[in-house]
Amino acid sequence: MSDFTLTKDADGVAFITWDAQGKSMNVMTREAFELVDSLVDQALADDEVKGIVITSGKSDFAGGMDLNTLAVIREEAGENPAQGLFDFVMGGHRIMRKLELAGMDPKTKKGGKPVACAINGTCAGIGTEIALACHHRVMTTNPKAKIGLPEILLGIFPGGGGTIRYSRMVGAMAAAPVLLEGKMMDPAKAKGAQMVDALADDPVAAAKEWVLNAKDADLVKPWDAKGYKMPGGAPYHPAGFMTFVGASAMVNGKTQGAFPAPKALLSAIYEGALVDFDTALRIEARWFTHVLMNPSSSAMIRSLFINKQALEKGAVRPKDIPDQRVKKLGVLGAGMMGAGIALVSAQAGMEVVLIDRDQAAADKGKAYTEAYLDKGMKRGKVTAEKKEAMLGLITATPDLDALKGCDLIIEAVFEDPGVKAEMTKKVEAIIPEDCIFASNTSTLPITGLAKASVRPEQFIGIHFFSPVEKMLLVEIIKGKETGPRAVAKALDYVRQIRKTPIVVNDARFFYCNRCIIPYVNEGARMITEGVSPVLIDNAARQLGFPVGPIQLTDETSIDLGAKIARATKAAMGNAYPESPADDLIFWMEELGRMGRKANAGFFDYDDKGKRTGYWQGLQDKYPLAEEQPDLIEVQERLMFAQVLEAVRALEEGVLEDIREGDVGAILAWGFAPWSGGPLSWIDIIGTPYAADRCDQLAAKYGERFACPPLLREMADKGQSFYGRFDPEAKSAA
């Protein structure tokens, strides 16, 4: 069987059906693309064929390109990978252009065969680009179906003609948000954005009807017609010039120049608008190849597509453990975290028992889900029936006996070992013996918490990030006695709530907080040195971080930082490294400047909670240095502070799989996504440079930048992390 097949009906319509063999979603391979080429030739050469309908044999239309294909082509090209990639992309353009011109006379633009695309479900990437090359696009009315060009989210941009076609179709101003944000649209929005031409309950029948009634003029794309002018104006037109000025400002404002793909995409649109359509396609191919040759794109594709998908499919799940999907979940604590956990679990169809000290507190936690659903109803995304059904899944009560029959408990009570231990003992006396018990702690070691359990092999950490319903990552922590069934249970539960899991071994702060804390501490240290907080935060944002360390501290609350510092100092005793950052945080706490929640922190806020600027009182205690450090110096301090902790976590066995280190960093705290994650970043800059830079930073700023032995060894051998550690490896070599 082939991924594409051609059939012809009695009315003379040829149906090219995409049904990738052995896959749940259609993804395009090089072999499949070559088959499309031959089937289009076959249909165009057949005098009995009046037109073509391209559709899918699956419930969805397409999931995009098999990105592994690009890596294979790069390798096959040997010493000239850019030429190999460019030739492949141009081969795709040739096939799409054949589809678009469909045998019409080059001069008169007549005599072509109509080609329609019947989009029966979700359609992304190359699938959308194929649709854009067709003469007519009909999409299902099913609101759950989505269509778009999300490539920018993976560090590339639509390189199969989508960038040039869509921008010429709607103009640069309208195309820029769609292409640069990579959002998937429902059918109604897609029609409004001209991504599709029509909606139908039966898109195949509607596409066939259009094909049989299409006229020659219906087949000519705007850019192939005489007198074509780009909507909104080309770059040399006064209006068009301002459009591109605005688009450039928008790109740099949102990305701070950290991501190569958005700049390349805008360049392709700008330069392509100055020339004829076929030349514009070559320009798009050139810029697409340019992005593919940037190590950033390979790193982003690997982490945000290949590795992320592997982790979600159970790459690190213990083998030979039967299905552990959760049927009835108990959540202890109905505060912000517990309420969020109840919400996402009910969304996944689980029965949830939400426990708190009294009925009022438990009801308040359930009300969080109700408020969330009410917002969804106002946006037309939630029906009254769905709201009633979801709320019906959540039982809010102070009665622990309601936990009988639960197969997973997630404890989200106050972050105090004594309180957690007491709750563990009470609940284990009620729940079934085979029930898994998880603690949603962000800092307390799981092995210590498990001492309160009579079944430590069934005790595990499931660390959510706030707000639960928005954050994509869940960190699963194995204690010293945690057994494989508990790990499988946690992983299966995370898959049920459609989040990405990473599994780490127990250690103080686990993995994510272990790396985040040095990031915010380094920012605080710089303030005490007289570095401008504006420089610190902007340096981070220009690295691609969503917020700088100073702003992040305000958002998460300053008293939380003070609490963590005190608890860590108490636990480590004399081994605790004294830091000027602690002095700053304690001082801010004493002043009552707790951050956003107090409307006063490193920033000043207005009555509505909007930031009005950095608090000038900082400079009274820590005057600005007359000479500010170089931007790159600030950025490297912020990067190495985090990255070295990731290396140490791998070295110590906290991380068992480097994929989890990279994916976790990007999804948990937005670590420079363009880099592919901390370990990928070291691979980009090279371990020898990283080790040398560690020595320089350590000599200037202290032992926290000391080069870890693992990194030193790899630098001496000229190794890379992804070269040395096989993605399937369970521990460091």
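Predicted model, so just to flag it, every value in this text is computed and none were measured. (Residues numbered from 1 in each chain as written. Predicted model: local features only at pLDDT ≥ 70, side-chain atom pairs only at ≥ 80, totals over all residues. Heavy atoms only, no water.)

*Asks:* It is not clear to me how the environment of Leu154 should be interpreted in this structure. Could you clarify?
*Replies:* Within the element layout of this structure, Leu154 appears in the loop between strand S9 (147–148) and helix H5 (162–170). Residue classification places Leu154 among the buried positions, given a relative accessible area of 17%. Not counting residues within four places of it along the chain, the set of residues in contact with Leu154 comprises Leu67, Ser297, Met300, Ile301, Leu304 and Phe305. (Helix = DSSP H or I, 4+ residues; strand = E, 2+ residues; numbered from the N terminus. Buried < 20%, exposed > 50% of the residue type's maximum accessible area, 1.4 Å probe, protein only. Contact = heavy atoms within 4.5 Å.)

*Asks:* Is there a simple way to think about the domain arrangement of the protein chain in this case?
*Replies:* Accessible area lost during the coming together of the parts is what is often quoted as the interface size. Parsing the protein chain into structural domains produces domain 1 (2–292), domain 2 (326–507) and domain 3 (510–538 + 545–625). One C-alpha centre belongs to domain 1, the other to domain 3; they are set 47 Å apart. (Domains from an automatic or database assignment.)

*Asks:* Even after reading the chapter, I still don't get the UniProt feature "domain: 3-hydroxyacyl-CoA dehydrogenase NAD binding" (unreviewed entry) in the protein chain, so can you show me in this structure?
*Replies:* Within the UniProt annotation, "domain: 3-hydroxyacyl-CoA dehydrogenase NAD binding" (unreviewed entry) is assigned to residues 328–506. Helix makes up 40% of residues 328–506 and strand 22%. Its end C-alpha atoms lie 27 Å apart. (UniProt positions renumbered as here; feature names shortened; annotations may be inferred.)

*Asks:* Sorry, what's going on with the side chain of Gln324 here?
*Replies:* Tracing the sequence through the fold places Gln324 in the loop between helix H13 (295–312) and strand S11 (328–332). For Gln324, the side chain forms a polar contact with the side chain of Arg485, separated by 3.5 Å. Apart from the residues within four sequence positions on either side, Gln324 is in contact with Arg317, Arg485, Ala488, Lys489 and Asp492. (Polar contact = N/O pair within 3.5 Å; in protein donor to acceptor, adjacent residues only side chain to side chain.)

*Asks:* What is the right way to look at the packing of helix H6 (residues 172–181) against helix H10 (residues 238–255) in this model?
*Replies:* Describing two packed helices takes the angle between their axes plus the distance from one axis to the other. As a packed pair, H6 and H10 sit with axes 10 Å apart at the nearest point and diverge in direction by 20°. Overall, the two elements H6 and H10 adopt an arrangement that is roughly parallel. Two packed elements cross with a definite hand, and for H6 against H10 that hand is right-handed. Judged by residue contacts, Ala172, Met173, Ala176, Pro177, Leu180 and Glu181 of H6 engage Thr243, Phe244, Met250, Val251 and Lys254 from H10. (Axes fitted to C-alpha atoms, helices over the stretch in contact; angles between N-to-C directions. Parallel < 35°, antiparallel > 145°, perpendicular 65-115°, else oblique. Left-handed = near helix turned anticlockwise from the far one by under 90°.)

*Asks:* Before we go on, may I ask you to explain a positive patch on the surface in this structure?
*Replies:* A cluster of basic side chains, namely Lys189, Lys375, Lys378, Arg379, Lys381 and Lys470, defines a positive patch on the protein surface. With respect to the element layout, Lys470 can be found in the loop between strand S16 (459–464) and strand S17 (473–478). Residue classification places Lys470 among the exposed positions, given a relative accessible area of 63%. (Patch = residues over 30% accessible without salt bridge, like charges linked within 9 Å, V, L, I, M, F, W, Y side chains within 5 Å. Areas by Shrake-Rupley, 256 points an atom, 1.4 Å probe, with all protein chains shown as cover. Salt bridge = Lys/Arg side-chain N within 4 Å of Asp/Glu carboxyl O. Lys, Arg positive; Asp, Glu negative; His and termini not counted. Charge placed at Lys NZ, Arg CZ, Asp CG, Glu CD.)

*Asks:* Got a minute to help me understand the pattern of salt bridges in this structure?
*Replies:* Close approach of charged atoms allows side chains with opposite charge to pair. Tallied over the full model, the rule gives 48 salt bridges. For Glu100, the salt bridge goes to Lys221, with nearest N and O atoms at 3.1 Å. Placement of Glu100 in helix H3 (residues 81–101) and of Lys221 in the loop between helix H9 (216–219) and H10 is noted, with a sequence separation of 121 residues between them. Measuring nitrogen to oxygen at the nearest pair gives 3.1 Å for the salt bridge that ties Arg514 to Glu652.

*Asks:* Which parts of the structure should I look at to understand unusual backbone geometry?
*Replies:* In terms of backbone geometry, most residues other than glycine have negative phi values and most peptide bonds are trans. In this structure, the amide linkage connecting Ser466 to the following residue, Pro467, adopts the cis form with an omega of -5°. With respect to the helices and strands, the residue Pro467 is situated in the loop between S16 and S17. Although it is not a glycine, Lys109 sits at a positive phi angle of roughly 60°. Turning to its location among the elements, Lys109 is positioned in the loop between H3 and strand S6 (115–119). With a phi angle near 60°, Asn599 is a residue other than glycine that sits in the positive phi range. By the secondary structure assignment, Asn599 is in the loop between helix H24 (580–590) and strand S19 (603–605). Of the residues examined, Asn599 reaches a relative accessible area of 32% and is grouped as partly exposed.

*Asks:* Honestly, the sheet that holds strand S14 (residues 408–411) in this entry has me stumped. Any pointers?
*Replies:* Sheets are built from strands paired through backbone hydrogen bonds, the pairs being either parallel or antiparallel. Reading across from one edge, S13-S12-S11-S14-S15-S16-S17-S18 is the order of the eight strands in this open sheet, with mixed pairing throughout. If you trace the sheet from one side to the other, it starts and ends with strand S13 (394–397) and strand S18 (500–505), each paired once. The mean angle between the axes of side-by-side strands here comes to 25°, regardless of whether they run parallel or antiparallel. The pairing of S16 with S17 spans four bridges and is classified as antiparallel. Within the sheet, the bridge partner assigned to Phe464 lies in S17 and is Val474. Strand contacts of helix H27 (residues 658–669): S17 and S18, with the helix running at about 120° to S18, the strand carrying the most contacts. (Pairing = 2+ DSSP bridges.)

*Asks:* How should I be thinking about empty space enclosed by the protein in this particular structure?
*Replies:* Where empty space is left can be seen by rolling a probe of water-molecule size over the atoms. Following the criterion strictly, the structure yields four cavities of 30 Å³ or more and no others. In this structure, the largest cavity spans a volume of roughly 60 Å³. Lining the largest cavity, in full, are Phe4, Ile16, Phe33, Val36, Val40, Ile54, Ile95, Met96, Leu99 and Ile130. The set of elements that each furnish at least two residues to the lining of the largest cavity consists of helix H1 (30–45) and H3. (1 Å grid on protein atoms, 1.4 Å probe; cavity = no way out; pocket = protein on both sides within 12 Å on 5 of 7 lines; lining within 4 Å. Points joined across faces, edges and corners; volume = space filled by probe spheres on them.)

*Asks:* What is the right way to look at the nonpolar core in this model?
*Replies:* For soluble globular proteins, nonpolar side chains are generally found buried alongside one another. Judged by nonpolar contacts, the single largest core of 223 residues is most densely connected at Tyr493 and Tyr511. When residues of this core are assigned to their parent elements, the largest contribution, 11 residues, is made by helix H26 (residues 631–651). Residues contacting Tyr493, with those up to four places away along its chain left out, are Val326, Leu329, Ile341, Val344, Ser345, Met350, Leu408, Ile410, Ile462 and Phe464. Counting residues in each nonpolar core, the second largest holds 12 residues, with Val13, Phe15, Ala118 and Val211 among its members. (Core = buried A, V, L, I, M, F, W, Y, C linked by side-chain atoms within 4.5 Å.)

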